[in-house]
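# Architecture and fold: a report
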Amino acid sequence: MTTMVDLGDLQTTKPWWNRPLWGSPRYEDRPWWNRPLWGKVNAFQTIIAALNKPAVDPQVITQYNQELARLKELTHNATLIYIEEFGKEEFLSFLSKKQRMAENVGEYQGLSHSIQLLLAGLEKRKKFQTLEQLELRYQGLKQQDLDRFVVSLLEKKLTQEKLVIQINNRIEKLLVQVKSKHSKVGLQNYRKLINLLAENELALELLSRFKQCQVTNYDLLNKILDVVEQLELKQSSDKAEFLDLIKNNQQLFQETGSIIGLGEEKNTPETQATILEYIFLAQKYQTLYSHFRQFMVVLRVWENNYRELVSIQQQYNSKQYQQPQDFLAEIPGLDFYHNYNGFLDLN
């Protein structure tokens, strides 16, 4: 005799190991549309939830598209400035060194100010050379008095403006006192040179350090530049080359290290080679870096607009809002940003 099984009792006819411990039947016993995609939410519930998400306000979409259009414009501007040399290995190495120096880390820890002083001296080396000739040519009492006065002012670490005003005032008084035309010309030329050096505050500080170390031979700046030019002729950026040149010119670099403020612990051939390498790259890429800075100006503005775009995307995210097609558009300029965002803080 065949026993009929009621569909309502189907669940209880399953083996005990295939029955739910409690509650509703197992998910695989439900229709496909009533099974969860993941967790405990089924496909039907997922579709309903998606349809129930609010749409992004049209004004927000308009704002998003405006930011996107601005990014396209900025990317176009950046492309016009960008040149292949920005991606060369040695130039990127220079940027990395510049970044480490700005962050005061690694081999550049504690060296930034000394390097900037030396760079300022090299920039104004012709003015320093003229000043040296002037000091040798005019050694009268009034000139010596002025020289002592300038040294005392430099030691006071006055602001650039106050320093120049006081020196100019002192020279005006001395011009009234001196009778010789020769001396007047010397004082006037001295004033002119001080004003030219004052265009770079670091150059004035370097002058102060020359005076403190009682070094009157400013020609060592030209000698440093000669060494850099030797490296340029060799077209080598091998660290061993820098170290060999330091050792071959040890007295020059030892004296330079003292003037630019390297303590005894840092005034070593290894540290001097690190400084020389940076000076070499800074001189070599001076023009290219100036061009790169223009590129960075555009990229900084790009970053600000990109952050606005990301902020909108995060506020109106896909979990809470229906995503408009506008949000899926490709963002222009990301390749530039990914490659160079680590250098945005460089000046």
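Moving on, we come to the packing of aromatic side chains. The final tally for this structure, using the stated rule, is 28 aromatic pairs. On the basis of an interplanar angle of 35 degrees and a centroid distance of 4.4 Å, the ring pair of Tyr-64 and Phe-327 is categorised as tilted. With Tyr-64 in helix H3 (residues 58-81) and Phe-327 in the loop between helix H15 (286-315) and helix H16 (334-340), this residue pair connects regions lying 263 residues apart in the sequence. Classification of Phe-327 as buried rests on a relative accessible area of 6%.

Turning next to the environment of Ala-78. By the element assignment, Ala-78 lies in helix H3. It is 8.5 Å that separates the C-alpha atoms of Ala-78 and Met-296, two residues lying 218 residues apart in sequence. Once residues within four sequence positions are removed from consideration, Ala-78 is found in contact with Phe-295, Val-298 and Phe-336.

Mean pLDDT for the protein: 85, with 84% of residues reaching 70 or above. Between residues 1-12, whose pLDDT stays under 50, and residues either more than four places distant or in other chains, the model counts 7 contacts.

The next thing to look at is the pattern of salt bridges. Applying the stated rule across the entire model yields 11 salt bridges. Among the ionic pairs, Arg-170 bridges to Asp-145, the shortest N-O distance being 3.3 Å. Within this pair, whereas Arg-170 is found in helix H8 (residues 160-177), its partner Asp-145 is found in helix H7 (residues 141-155), the two being separated by 25 residues in sequence. On the accessibility criterion, Arg-170 (25% relative accessible area) is partly exposed. In this structure Asp-145 comes out as partly exposed when scored by relative accessible area, which is 24%. Here the salt bridges do not stand alone but share partners, grouping Lys-97, Lys-239 and Glu-277 into one network.

Time to look at helix H10 (residues 201-212). The terminal C-alpha atoms of H10 lie 17 Å apart, and with 12 residues this matches the ideal 16 Å at 1.5 Å per residue to within 8%. Regarding H10, its N-cap is Asn-200, as a side-chain oxygen of that residue lies 2.9 Å from the backbone nitrogen of Leu-202 further along. Directly beyond the C-terminal end of H10, a positive phi value near 55 degrees is found at Gln-214.

A separate point is the nonpolar core. With 94 residues, the main nonpolar core has Phe-91, Ile-115, Phe-128, Phe-210, Leu-276, Phe-292 and Phe-295 as its most contacted residues. Looking at this core, the element that brings in the most residues is H15, giving 11 residues. Contact partners of Phe-295, with chain neighbours within four places excluded, come to Ala-78, Ile-81, Tyr-82, Phe-86, Phe-336 and Tyr-340.

Here Leu-95 lies in helix H4 (residues 89-103). Leu-95 sits 187 residues away from Ala-282 along the chain, and the two C-alpha atoms are 9.7 Å apart. Excluding residues within four positions of it along the chain, Leu-95 makes contact with Tyr-289, Phe-292, Phe-343 and Leu-346.

Reading the values: rules and limits
Residues numbered from 1 in each chain as written. Predicted model: local features only at pLDDT ≥ 70, side-chain atom pairs only at ≥ 80, totals over all residues. Heavy atoms only, no water. Phe/Tyr/Trp six-rings, centres within 6.5 Å; stacked < 30°, edge-to-face > 60°. Helix = DSSP H or I, 4+ residues; strand = E, 2+ residues; numbered from the N terminus. Buried < 20%, exposed > 50% of the residue type's maximum accessible area, 1.4 Å probe, protein only. Contact = heavy atoms within 4.5 Å. pLDDT = per-residue confidence, 0-100. Salt bridge = Lys/Arg side-chain N within 4 Å of Asp/Glu carboxyl O. Expected span 1.5 Å × (residues − 1). Polar contact = N/O pair within 3.5 Å; in protein donor to acceptor, adjacent residues only side chain to side chain. Core = buried A, V, L, I, M, F, W, Y, C linked by side-chain atoms within 4.5 Å.

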